[in-house]
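Residue-level structural notes
What follows is each chain in one-letter form.
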Amino acid sequence: MKASMKDFRKAITERILVLDGAMGTLLQERGLAPGGCPEEMNLSAPEVVESIHRDYALAGADILVANSFGGSRSKLAHYGLEGRVFEINMKAVEIARAAAGADCFVAGSIGPTGRFAMPVGDADFDELVDIFGEQVRAFAEAGADLLSLETFLDIRELKAAVVASRQFSDLPVMAMMTFDDGGRSVLGTPPEAAAVTLDGIGVDVIGSNCGLGVDGIFEVLQKMRSVTSLPLICQANAGLPVLVDGETVFPGTPEEMTAYHERLCDLGVRVIGGCCGTTPSHISAIAKALGSFPGTWSAPPRKGWLSSRSAVVALGGGAPCAIIGERINPTGKKGYSEELRQGKTRYIRAEAMEQIQAGASLLDVNCGAPGVDEPVALESAVYAVSGVASAPLVLDSSDPVALERGLKAADGKVLINSVSGEPKSLEMVLPLAKKYGAAIIGLALDGTGIPETAEGRLAVARSIVDAALSIGIAREDILIDCLTLTVSAEQERAMETLRALRQVKAELGVGTVLGVSNISFGLPQRPVLSSTFFAMALEAGLDAAIINPKDERMMDAFRSAMVLLNKDVRAENYIAHYADFSAVESSRPVKVPESAAIRDRLAAAIIEGDKDGIVSMVDQASAEGLTPMQVSNEGLLPGLEEIGRRFGANQIFLPQVMLSAETMHAAFARLKESFGDDMGPSLGKILMATVEGDIHDIGKNIVCTLLENHGFEVIDLGKNVPAARIVAAAREHRVDAVGLSALMTTTLAQMSHAIEELKAAGVKVFTMVGGAVVTPEYAETIGADIYARDALEAVAKVKAILGVAKP
Ligand code: THG
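Just so it is clear, the structure is predicted and the values come from calculations on it, not from any experiment.

1. Some words on the pairing of strand 21 (residues 685-690)
On any regular strand, side chains alternate: one points to one face of the sheet, the next to the other face. The buried count for strand 21 comes to five of six residues, which makes it a mostly enclosed element. Once the chain exits strand 21 it traverses helix 29 (residues 698-709) before rejoining the sheet at strand 22 (residues 713-716), and the crossover so formed is right-handed. Across five bridges, the pairing between strand 21 and strand 23 (residues 737-741) is parallel. Directly across from Thr-690, in strand 23, lies its bridge partner Ser-741.

Below you can see the structure in the form of structure tokens.
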């Protein structure tokens, strides 16, 4: 093997490399017959191929891609050339090398085989690895510097190509998929899922080629960046093809290709080339434009993810706990065991769908039962589940042979469940995770069983983590199971599991998983106990839970804990699940189109809580000549009134009200920026305070926000405010009303005291009271003018009493 002097892996850390442009179209211009085999020209017309490489090298390319894209056995077979795979691919590298000189890298190019992988087609994973392996061996033998896997539509075929690249060489690998303008590959994979899968399997550079212009590829790469810290590659077409006089023309000019360079560089794109329709003049423009860009880039921190063909799920690193559906498991399920023995998958498919419906984000697949050929069963189970559910998979087996079959059948990045601390398990299972790009669950037990103490389990966990790291499995791809024991048998050890969990997270910095329901084995009403243990484990920081998602008690505990642990932002999932959903659905506005009147769009933005979108809408309204008063009264306020109506009808809840209020705030801030003091008069001045002795001010703050958003000027004295200060401030600021809040029965008296003091001092203002323990009767007793049940009622009643209800 001729090793190159240059190091591609190092080079991409130092500068952005230019890759060449299209090969096929130039070959046609220079003599390739219509319908001819492009790779055959490596043998019959090497000087033509070399001339194209030379033109790209002269244009400034750092990487020349060998003419081997269709050089696989299965592609060459169309031309009767399947016997010459080695020769054609070696020659491809040699020709490029001749043109490359000392400065350019040479990449062996691999494209799809043109066959479909099982179960859709008849290509077996091993067969695909074998086909790609022939090309890889030829490239390595001929001294290529790296491999370029391009234009893949099937993520699993691309995985096979990566496995072959690793198995038959140690060359750096760039892996690219092609996406259409709907944002997925033809076979259904979005950029995020492609990126997670390829990141997992350990390639050097990921990205996209073909299919889209540079604007489209930029969007694809942005999505990839949201889930990966790897360097990226961009190989766009020269725009989208158009038909001119019956011929396909790529209209993109060299200048258009470079318009995205700055954004690409910021994103961590380290290789930029061209695909269909690009020529040496495009590459020359790219090289010139890149000359002025900074060379270095620091990768963002890596995060834990799993993927399927069509979706990704975050794992660990602060993400909400992943729910792993446990029901595809023959334990205690006679029907499923029987189906496994008969090779049927009806139960599997039904449970896959039902568990997703119930809220599972991952699916555990376990096929181990007496009389079952586990490797065969696991493969067909993976195909069956992948066919009906988009959730990433958890392969539940301790048999390495079964695991490997499952790993070959899976489309995305799976979680292996599990490896233990026993040397034999580590030796057999960890290399599988590395080879097929899977994450792993490590069980905190070894040959001597489950250690009694948390410290003992931590020690086993540490040995698993060390072994995994040492063969190149990333820390984010390791979860440790501290093992749930049955509380009925060993009651004193339940808390030991949670103690171990906290230690593993703190000391090893890896994620954690538990088979939660084991805890309640042998006791009545198991879900009662299991769900409480689950809540405790979530508080301890559990990252993934193997549970029955169809058990409502378990999911109740989960959804509640996610709110309390501040992982369910604004309680959105909780509300979506538990609010009267039919009412919410029916009250949702028909989506307001872009073309709608700006007043309606402003209202809709308030209702939706579109904080980001509202600023430009306010600008548009101003540009259309609306005064701040009109923007507020005819756009924003009707939106807020609708929110109030829905809140009153229990169709939405406080988090959404607050989001709408924040949206309102953003709109007002923008109006103030543009109009300064020309905002029009305020509706009135309101003094707000939480009374002395009381330090609860959430409710009072919400009232302040909403009053402001409705056009009042608010003076907020804060919490724990003595009556004397309230009186002084009311007099000083000449306010129209004073709002007082108290949350505790013990501070109610202070409310009464403040109102008495205001009266005694002769300050003529309306008074309003509210807070959890305040009742309308109490308000009347102490002589308050307004009792408000909640913030929206406060606004409405203040407006009414000041006579500013509807301008
Ligand atoms: N850790 C890890 N993996 C695991 C476990 C673990 N995998 C298997 C198991 N434990 C988690 N999965 C299950 C699956 C089913 C049941 C419990 C855990 C179960 N089955 C009922 C029974 O046994 O009676 C059947 C009742 C039913 O129909 O649901 O409870 O700890 N890493």
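2. Topic: the site of the ligand
Arg-327, Asp-396, Asn-417, Asp-481 and Asn-518 are the nearest of the 14 residues found near the ligand. Within the contact set of the ligand, a nitrogen atom lies 2.6 Å away from a side-chain nitrogen or oxygen of Asp-481. Asn-518 is positioned with one of its side-chain polar atoms (N or O) 3.0 Å from an oxygen atom of the ligand. Contact with the protein chains hides 74% of the accessible area of the ligand, taken as 660 Å² for the molecule alone. Mapped onto the shell around the ligand, the elements with two or more residues apiece are strand 13 (322-328) and strand 17 (439-443). The residue inventory of the shell around the ligand, partitioned by class, reads three nonpolar, six polar and five charged.

3. Some details on the packing of aromatic side chains
Each aromatic ring pair is described using two quantities: the centre-to-centre distance and the angle formed by the ring planes. The final tally for this structure, using the stated rule, is seven aromatic pairs. Each ring, one from Phe-8 and one from Phe-105, has its centre 5.7 Å from the other, and the planes form 90°; the classification is edge-to-face. Here Phe-8, found in helix 1 (residues 8-14), pairs with Phe-105, found in strand 3 (residues 105-110); they are 97 residues apart in sequence, far enough to count as distant. Comparing Phe-8 with Phe-105, the two get one shared label, buried. Where Phe-218 meets Tyr-260, the ring centres are 5.5 Å apart and the plane angle is 50°; that geometry is what we call tilted. Remark: Tyr-260 occurs in the loop between helix 11 (254-258) and helix 12 (261-266) and Phe-218 occurs in helix 10 (residues 214-225); sequence separation between them is 42 residues. Summarising the burial analysis for this pair, Phe-218 and Tyr-260 share the class buried. Arg-137 extends its terminal NZ or CZ atom over the ring of Phe-168, reaching a point 5.3 Å from the ring centre.

Cut-offs used in this document
- Residues numbered from 1 in each chain as written.
- Predicted model: local features only at pLDDT ≥ 70, side-chain atom pairs only at ≥ 80, totals over all residues.
- Heavy atoms only, no water.
- Buried < 20%, exposed > 50% of the residue type's maximum accessible area, 1.4 Å probe, protein only.
- Helix = DSSP H or I, 4+ residues; strand = E, 2+ residues; numbered from the N terminus.
- Right-handed = clockwise from strand over helix to strand, strands pointing away.
- Pairing = 2+ DSSP bridges.
- Near = heavy atom within 4 Å.
- Polar contact = N/O pair within 3.5 Å; in protein donor to acceptor, adjacent residues only side chain to side chain.
- Areas by Shrake-Rupley, 256 points an atom, 1.4 Å probe, with all protein chains shown as cover.
- Nonpolar A, V, L, I, M, F, W, Y, C, P; charged D, E, K, R; others polar.
- Phe/Tyr/Trp six-rings, centres within 6.5 Å; stacked < 30°, edge-to-face > 60°.
- Lys NZ or Arg CZ within 6 Å of the ring centre and 35° of its normal.

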